[in-house]
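Each chain is listed here by its residues.
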Amino acid sequence: MSIANTLEIIASVPTLLKLRKGFAYRSPDEKDSLLRRVEEVCAEFADRTAIIFEDEEITWGELGKRANRVGNALKDEGISPGDVVSVMIENRIEFIVAVLGIMKIGATVALINTNLREEPLRHCITLINSKLCVFGTEVTDAIDSVRDQLALEDGTGFLAFRDGDDEVPAWARDLAVLSHNQSDANPPETQEITLGSTAMYIFTSGTTGLPKAAVQSHKRMQQAATLCHTAGLRCTEKDRIYLSLPLYHGTGLVIGYGSALSSGASVFLRRRFSASSLVADVRKHNVTCMVYVGELCRYLVNQPKIGDEADTPLRTAIGNGLRPDIWDEFKSRFGLKRITELYAASEGNVSFANILNKDRTIGMTSAKVALIKYDVLEDEIVKNEDGYCVEVGDGDAGLCLGQINKDAAFEGYTNKEATEKKILRNVFEDGDAWFNTGDLLRTVPVGFSLGYPHYQFVDRVGDTFRWRSENVSTNEVAEILNGFDQIEISNVYGVSVPGTEGRAGMATVVLNKPDEALDLASLGEYVNTQLAHYSRPVFIRVQSEAEVTGTMKLVKTGLREEGYDLSKMSDPVYVMKPRTEEYVPLDADFLAEIQAGTAGY
């Protein structure tokens, strides 16, 4: 380890002590929230830039006023503290304005994935009993398609922010117009918000069923933003953060924009990520920090190198999913001095952060965690003769559990049954309770680290996989595929694709009429209508019958191992090629491109 790294670790001690104090137990009834810090930032840095987005630039002072006007307008619409308002807007200033306005009046914001359509979209808006739906006109068609299935009245239940020259539909009202003449004073409700109250719902795909609403308290939001700003990015009001991740996710909103809200840093906001534009954007807008997910980093290192890409103001990055195999190249190619890799679950009670800048690790945690033995092939936890779990040795991969206690409460989901399924009880002794992350981690040696063990992410387990930076529930996708009139049953799982992050979706299906050819055109249209782009199976394999276990569970292990390798099967396999919306037969030539990592996924 270098002297510079040792000095950096020593210099981190005050920050660690401050964070430890900040993460100490505080009563959920205590009145405090990140929104109080937002008011301070908007006043202290009123004339400094808050957001740059496309052709618009807004100061902190104006951002605060616009959020206040929206919040006060929503109060006139009958929204009270504790009510839930759904927000479905693409990355743009209006998203931030809406979210801050809703939370500042003590209401809860439900972050709706802008890729959702049909049943998953209806489910999310309905699940958390939304009293209003605030949407961007860029997703009007999506909202309109489920509007008659929601418990919201036309006119009063839908408020819209225009996107460019779009018109607000007749069944909604223009929120910019409604809020224009409202008071821009800070709502008094902000000062009454308690740490234990719910700030937002973030929807996450679990191992079964439709998306679940993970509860995010104001305490968790405040702690996460403080951690990422002070110990992760280590940014101030003089920094600028590059943010292109979707704001409906915790990484984009809480980690990325939360760091700006906590520090006063400005944000260069993109509607969508563009690998080819990053270096030019960073130079043009003097960006010093960036927020990433692993797939974004892989796109960047796979881009042809143009000049000295390390010669920019960019110095630090924060995010999750950066795999060890591209870590060093990403860091050196773009001249990064710090990478703060994070690990956490939206609904979980444990998080890790690489705040000591140790390469290729997710860092350390202040929570009490355990890595237990897990049989991947049998998809089950290994227990000893007494029925308790067994911890793995140093360096071995184990299922990560986070102990549930007063300092690490498990907030879970809105659904109590779904929450209970994530809790393991009587793990090491009778009566204990642990949150099951569903992920395999291992400890790694990193040298001098102030006595904190460091960890590395290994893989997900069970029936959830990650693709296009999104968690995909195999059961949810299978349920929808089973609705296609030719499919009797489908078995969905993730498969590796060289040169990409995560796993692509693959479905093995059994047809109602085995002698009838699969209608590829109709299947493609059905999949593209019913599923978000990231959850659409890339590969479809047709079998004559489904293999099940003695307890009638679909067998996935052998299918995962065979994947889409035509040499390992005689079944027909179909593929949805990049930037297309239809399935075609997978042939040897395109298989070779996939295996060489040149297929374009």
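See above for the structure.
Residues numbered from 1 in each chain as written. Predicted model: local features only at pLDDT ≥ 70, side-chain atom pairs only at ≥ 80, totals over all residues. Heavy atoms only, no water.

Colleague: Can you explain the overall build of the protein? Please cite residues and give values.
Modeller: Broken down by element type, the protein carries 18 helices and 29 strands. The C-alpha atoms of the protein give a radius of gyration of 24 Å, which matches the 25 Å a tight globule of 601 residues would have. Along the three orthogonal principal directions, the C-alpha set of the protein runs to about 70 × 65 × 60 Å. Buried residues in the protein amount to 57% of all 601 residues. Within the protein, residue pairs in contact and separated by at least 24 positions form 69% of the contacts whose partners lie at least 6 positions apart. Of the roughly 25200 Å² of accessible surface on the protein, a fraction of 47% belongs to carbon and sulfur atoms. (Helix = DSSP H or I, 4+ residues; strand = E, 2+ residues; numbered from the N terminus. Rg over C-alpha atoms; globule rule 2.2 N^0.38 Å. Buried < 20%, exposed > 50% of the residue type's maximum accessible area, 1.4 Å probe, protein only. Contact = heavy atoms within 4.5 Å. Areas by Shrake-Rupley, 256 points an atom, 1.4 Å probe, with all protein chains shown as cover.)

Colleague: A description of the sheet that holds strand β12 (residues 289-293) should follow, citing residues and the corresponding values.
Modeller: Spatially, β2-β1-β11-β10-β12-β13-β14-β15 is the arrangement adopted by the 8 strands of the open sheet, whose pairing is mixed. A strand with exactly one partner marks an edge of an open sheet, and here the two such strands are β2 (56-59) and β15 (351-353). Within this sheet the neighbouring strands show an average axis-to-axis angle of 15°, counted without direction. Packed on one face of the sheet, helix α5 (residues 93-104) meets β1 (49-53), β2 and β11 (266-269) and runs near 135° to β1. Where helix α12 (residues 294-302) meets the sheet, it contacts β12 and β13 (316-320), and its direction lies at approximately 105° from that of β12. (Pairing = 2+ DSSP bridges. Axes fitted to C-alpha atoms, helices over the stretch in contact; angles between N-to-C directions.)

Colleague: Quick one: what's the story with the pairing of β1, residue by residue and with numbers?
Modeller: The buried fraction of β1 is high, at 5 of 5 residues. Note: β1 against β2, 4 bridges, orientation antiparallel. The residue bridging Phe53 from the neighbouring strand is Glu56, located in β2. Counted between consecutive antiparallel strands, the loop separating β1 from β2 contains 2 residues, among which Glu54 sits at a positive phi close to 50°. Where β1 meets β11, 3 bridges bridge the pair, whose relative direction is parallel. Residue pairing for β11: Ile52 is matched across the bridge by Phe268.

Colleague: Describe in detail the environment of Gly82, supporting the description with residues and values.
Modeller: Within the secondary structure, Gly82 sits in the loop between α4 (60-76) and β3 (84-88). A sequence separation of 117 residues divides Gly82 from Ala199, and the C-alpha atoms of the two residues are 9.0 Å apart. Those residues in contact with Gly82 that sit more than four places away from it in its chain are Gly106, Ala107 and Thr108.

Colleague: An account of the sheet that holds strand β26 (residues 504-511) is needed here, citing residue identities and associated values.
Modeller: Pairing within the open sheet is mixed, and its 5 strands lie in the order β25-β26-β27-β28-β29. The sheet is open, and its two borders are formed by β25 (487-495) and β29 (583-585), each paired with just one other strand. In this sheet, adjacent strand axes meet at a mean angle of 25° when their direction is disregarded. Relative to β29, strand β28 (residues 573-576) runs antiparallel, the two sharing 3 bridges. Within the sheet, the bridge partner assigned to Met576 lies in β29 and is Tyr583. With respect to the sheet, helix α15 (residues 474-481) is in contact with β25 and β26, its orientation differing from that of β25 by roughly 150°. Against the sheet, helix α16 (residues 520-530) engages β25, β27 (539-543), β28 and β29, with an angle of about 140° to β29.

Colleague: Now, about the side chain of Arg147: what can you tell me, with residues and values included?
Modeller: Summarising the element assignment, Arg147 is placed in the loop between α7 (140-146) and β6 (158-161). Here Arg147 falls in the buried class, since its relative accessible area comes to 19%. Here Asp144 takes part through its side chain, which lies 2.8 Å from a polar atom of the side chain of Arg147. Beyond its immediate sequence surroundings of up to four residues, Arg147 is in contact with Asp154, Phe158 and Trp171. (Polar contact = N/O pair within 3.5 Å; in protein donor to acceptor, adjacent residues only side chain to side chain.)

Colleague: Outline the layout of surface pockets, supporting the account with residue identities and numerical values.
Modeller: By volume, the second largest pocket is sized at about 1300 Å³. The wall of the second largest pocket is formed by 45 residues, among which Asn115, Glu295, Tyr299, Arg468 and His533 lie closest to the centre. Counting only elements with at least two residues in the lining of the second largest pocket, the list comes to α12 and α18 (588-595). Ranked by residue count, the leading element in the lining of the second largest pocket is α12, at 4 residues. Tallied by class, the residues present in the lining of the second largest pocket amount to 17 nonpolar, 15 polar and 13 charged. (1 Å grid on protein atoms, 1.4 Å probe; cavity = no way out; pocket = protein on both sides within 12 Å on 5 of 7 lines; lining within 4 Å. Points joined across faces, edges and corners; volume = space filled by probe spheres on them. Nonpolar A, V, L, I, M, F, W, Y, C, P; charged D, E, K, R; others polar.)

Colleague: Requested: an account of helix α13 (residues 324-333), with residues and values cited.
Modeller: Three or more residues of α13 are buried, namely Ile326, Trp327, Phe330, Lys331 and Arg333. For α13, the buried positions fall inside an angular range of 165° around the axis, keeping them on one side. Across α13 from its buried face, at more than 90 degrees, point the exposed residues Asp325 and Ser332. Structurally, α13 contributes buried residues whose contacts are with β12, α12 and β14 (338-344). Positive phi shows up at Gly335, right after α13, with a value of about 65°. (Arc of directions from axis to C-beta.)

Colleague: Explain the packing of α4 against α5 to me, and be specific about the residues and the numbers.
Modeller: It is at 7 Å that the axes of α4 and α5 come closest, and there the two elements cross at 55°. It follows that α4 is oblique to α5 by the angle criterion. In this structure, the crossing between α4 and α5 has a hand that is right-handed. Within the contact between the two elements, α4 uses Leu63, Arg66, Ala67, Asn68, Val70, Gly71 and Leu74 and α5 uses Ile93, Glu94, Ile96, Val97, Ala98, Leu100, Gly101, Ile102 and Lys104. Grouping the amino acids of the contact of α4 with α5 by side-chain chemistry returns 10 nonpolar, 3 polar and 3 charged. (Parallel < 35°, antiparallel > 145°, perpendicular 65-115°, else oblique. Left-handed = near helix turned anticlockwise from the far one by under 90°.)

Colleague: Describe the pattern of salt bridges, and please don't skip the residues or the numbers.
Modeller: Evaluation of the coordinates by the stated rule reveals 34 salt bridges. Linking Glu138 and Arg92 is a salt bridge whose minimum nitrogen-to-oxygen distance equals 2.8 Å. With Glu138 in the loop between β5 (132-136) and α7 and Arg92 in the loop between β3 and α5, the pair connects residues that are 46 residues apart, well separated along the chain. Each member of the pair, Glu138 together with Arg92, is buried. Among the salt bridges present, the one from Glu411 reaches Arg220, with a minimum N-O distance of 3.9 Å. With a gap of 191 residues between them, Glu411 in the loop between β19 (398-403) and α14 (416-421) and Arg220 in helix α9 (residues 218-232) connect regions that are remote in the sequence. Residues participating in the shared-partner salt-bridge network are Glu54, Glu56, Arg66, Glu90, Arg92, Glu94, Glu138, Asp163, Arg271 and Arg272. (Salt bridge = Lys/Arg side-chain N within 4 Å of Asp/Glu carboxyl O.)

Colleague: Now, about the nonpolar core: what can you tell me, with residues and values included?
Modeller: In this structure, Ile51, Trp60, Leu63, Tyr257, Met290 and Phe330 are the most contacted members of the largest nonpolar core, which totals 93 residues. Element by element, the count of residues in this core is highest for α5, at 9 residues. Contact partners of Met290, with chain neighbours within four places excluded, come to Leu233, Tyr242, Leu278, Leu296, Leu300, Leu314, Thr316, Ala317, Ile318 and Phe330. Listed in part, the 70 residues of the second largest apolar core include Ala160, Ile487, Tyr493 and Tyr583. (Core = buried A, V, L, I, M, F, W, Y, C linked by side-chain atoms within 4.5 Å.)

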